[in-house]
Amino acid sequence: MSSELELFRRRWRAELAGARQGKKRRRAAEPGGSPSCREPVSGWSSCGGVPLAAPRDGGGEEERREAGYFALARSLLDGKAPGARSRRHHRQPRPGPPPPPVQPAAEPEGGGDNDLLGQLIRDLNEINEVPFFDIQLPYELALKIFQYLGRTELGRCAQVSRTWKVLAEDEVLWYRLCQQEGYLPDASISDCSGWKLALQDCRAKERTLRTNWKNRVGAVSQLQYELGKVLCDVHSCDGVAIAGYTSGDVRLWDTRTWDYTAPILEPVLGSADPGPQPHVSFVRINSSLAVAAYEDGTVNVWSLMIGREPIHHYQHNQRIQALALGLEGAAIATASGFQVKVESPDDRGYWQTTAQFEIQKLVNFLHLVPDVVGSPVTIAAAEDMVYLLKAEESGKVLHSVYGQPVTCLDVSASEAAFGVKGFGWLLNETNKILLYNLETGQCLTKLGSSLGDFTCVNLQNSPPWMLVTGNKDRRVRVYDLRRSKSLCSLYAHHLGVSAVQMDDWKIVSGGEEGLVCVWDQRMGTKLWEMHARHPVRHIWFNTHSLITANIPDEKNPRGASIMDDDLTAHRRHRGIIYAYEFSVDQLARESVLPICRSSYDEVTGYNYNIGLAVPYDNILVT
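Residues numbered from 1 in each chain as written. Predicted model: local features only at pLDDT ≥ 70, side-chain atom pairs only at ≥ 80, totals over all residues. Heavy atoms only, no water.

1. Observations concerning the confidence of the model for the protein
Here is the rule we go by: Confidence scores here are pLDDT values: one per residue, from the predictor, ranging 0 to 100. Whether two residues are in contact is decided by their heavy atoms, any of which lying within 4.5 Å being enough.
A residue-level look at the protein finds 59% of positions with pLDDT of 70 or above and a mean pLDDT of 74. Scored below 50 in pLDDT, residues 158–171 shows 25 contacts in the model against residues more than four places distant or in partner chains.

Written out as structure tokens, the structure reads:
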């Protein structure tokens, strides 16, 4: 970089020196000293203010302009006005001997006061926060900076400069973004030979994924566990789903691997007493932990890295009403009766009760605020009150309006959004979504005005400044938080909306009638739909996969089994989990029935009340 700058300076000085030498030669060739304005001499303008180079080989006009620009710049640097100088030269010069030639002063290295290049660099450095000739960082330094920049910082660099070539080439930024989205293998970022190909491949994959989403091209799997009886609750994180059943079993599925054998998470040792086990009430999962809450107040915590046995267990005296697990880390919050308890491990890994709160009403919704440094922060909605609960502090009431119960809740790192039920049209108070700032505790905006209750809201997974809601009035609405207006309203589900999620171009909604709909947000049109029995209670998706769960409301259906000792419930009563994969086309292997793709390694299984000699065989598909 320094050698290129030095070469640039030398070339500029050579041009300036050539202009000065030409000026000296023209002055020496003039007879009788200074020329008169009445009889212009070649090499001077008629106004006598700006020296011009003599025409040479047909390029005189361009050279005259260049020499004039240099003289004009020097006159501006000297603080002289070109117009005033021109007026002085219109006067008749006094007769006398010509002035002695002036020897040019030696120019200091790096640009002195009379050096145009040095002055230009100094002026640019005063204007810009980053020195002008240092804005193109060395390649190795730029790559090291990229290691510490996330998607947001890279996006800001692009927005500020209005180009993808501020610190390095366009492919570097795309490579980082592609790695974060999981499109590229974990390769060395210093190997830049394949960046253009990686960029093209990433864009092609993005187009293919969108096409597959719109046309429902890919693989679909049903995640079922017959011995679990009726499905109670489902949650998922990054393609891994956890399900709890009325049998008391908790099972995991990793949808990222088709040949993955779903394990059953074991209960606490010694808890398998004779008789029926308590139903699973809630399940939650993040990148490292799985949690299940049972009807008898028991809470089990498993590590996804260490075996199938719980690493932590605690008990409530009453039935658990809500369960929350942090998006990252190991904080767990449970609500039972009028008590909210927060559990997390200390620095040595020993679990302890971090905080315990007594509130006035029964909790309906519970969330842990993501990206919190230090002690966990919990948001609890209890009937018509919303609490902000911090460890070592008394519970703070975030919102309370008597007679307006909270109908749904979601939180982000800095805000909480929840639906409140209005008093009706008679008092001009309809159902709304309220958005609160968690730092100030102030209401930022009120969204919507509907006769139906808001049944679901998704703030955490929505794009910045966006929010999507579902309502009993059968509509899905997308709001821009900066304008407090609905960007689109989709007539979605005739029995009401039960689950919803969106990204920058699509919306996936689930209804009480069991329908899953995928919408193009910008066009406001339905792309496709899928129906199953029972309401849709869970939806999760990323760029290439989708997980949905239809969970029955009735956990003890009548006539569920033909025989009293039947270990399962009928298929129509069980509920179902669907996993969609759009990153691959429908393979020949996926076209085979699920029963033919399984090796059936389990010792016992359900025989559908048919007297089979060998209930489970190893079936090989070729």
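2. Remarks on the pairing of strand E8 (residues 298–303)
Under the convention used in this document: Partly exposed residues are those whose accessible area sits between 20% and 50% of the maximum for their type, while under 20% is buried and over 50% is exposed, using a 1.4 Å probe and protein chains only. Elements are defined by DSSP. Helices are runs of H or I of four residues or more, strands are runs of E of two residues or more, and each kind is numbered from the N terminus. Two strands are said to pair when DSSP picks up at least two bridges between them.
Of all 6 residues in E8, 6 are buried, a share of seventy percent or more. Burial along E8 is two-sided: Thr298, Asn300 and Trp302 facing one way and Val299, Val301 and Ser303 facing the other are all buried. Bridge count for strand E7 (residues 289–294) against E8 is 5 bridges, and the pairing is antiparallel. Pairing of Ala292 across the sheet is with Asn300, part of E8. Remark: 3 residues form the turn of the hairpin made by E7 and E8, two consecutive strands paired antiparallel; Gly297 in that turn has positive phi of roughly 90°. Of the pairings in the sheet, the one linking E8 to strand E9 (residues 312–315) comprises 4 bridges and is antiparallel in character. From the neighbouring strand, Thr298 faces E9, where its bridge partner is Gln315.

3. Here we look at the packing of aromatic side chains
Threshold: Only Phe, Tyr and Trp rings take part, Trp by its six-membered ring, and two of them pair if their centres are within 6.5 Å. Stacked means planes under 30 degrees apart, edge-to-face means over 60, and tilted covers everything else. Two conditions define a charge sitting above a ring: the NZ of Lys or the CZ of Arg must be within 6 Å of the ring centre, and it must be within 35 degrees of the ring normal.
A full pass over the atoms with the stated rule returns 8 aromatic pairs. Plain terms: the ring middles of Trp528 and Tyr580 are 5.7 Å apart, the flat faces sit at 50° to each other, and that makes the pair tilted. Highlighted residues: Trp528 in strand E29 (residues 525–531) and Tyr580 in strand E32 (residues 576–581), separated in sequence by 52 residues. Taken individually, Trp528 and Tyr580 each receive the classification buried, so the pair is uniform in this respect. Through a chain of ring-to-ring contacts, three or more aromatic side chains come together here, namely Trp213, Trp528, Phe541, Tyr578, Tyr580 and Phe582. Note that Lys506 overlies the ring of Trp213, its terminal NZ or CZ placed 4.4 Å from the centroid.

4. Focus: the nonpolar core
Our working rule: What we call a nonpolar core is a set of buried Ala, Val, Leu, Ile, Met, Phe, Trp, Tyr and Cys residues that are connected through their side-chain atoms within 4.5 Å.
Judged by nonpolar contacts, the single largest core of 19 residues is most densely connected at Val340, Val363 and Leu366. With 3 residues, the single largest contributor to this core is strand E16 (residues 385–390). Setting aside residues no more than four positions away along its own chain, Leu366 makes contact with Ala322, Leu323, Ala324, Ala333, Thr334, Ala335, Val340, Thr378, Ile379, Ala380 and Leu409. Formed by 17 residues, the second largest nonpolar core is a distinct cluster that contains Ala499, Trp505, Phe541 and Leu546.

5. Examining the sheet that holds strand E28 (residues 515–520)
The strands that make up a sheet are held in pairs by hydrogen bonds between backbone atoms, and each pair lies either parallel or antiparallel. Just so we agree on the cut-off: Helix axes are fitted only over the stretch in contact, all axes being lines through C-alpha atoms; the angle between N-to-C directions runs from 0 to 180 degrees.
Strand order in the open sheet made by the 4 strands is E26-E27-E28-E29, with antiparallel pairing throughout. The open sheet is flanked by strand E26 (497–502) and E29, the only strands paired with a single partner. Each strand of the sheet is rotated relative to its neighbour by a mean of 20°, with strand direction disregarded. The pairing of strand E27 (residues 506–511) with E28 spans 5 bridges and is antiparallel. Across the sheet, the residue bridging to Val508 is Val518, located in E28.

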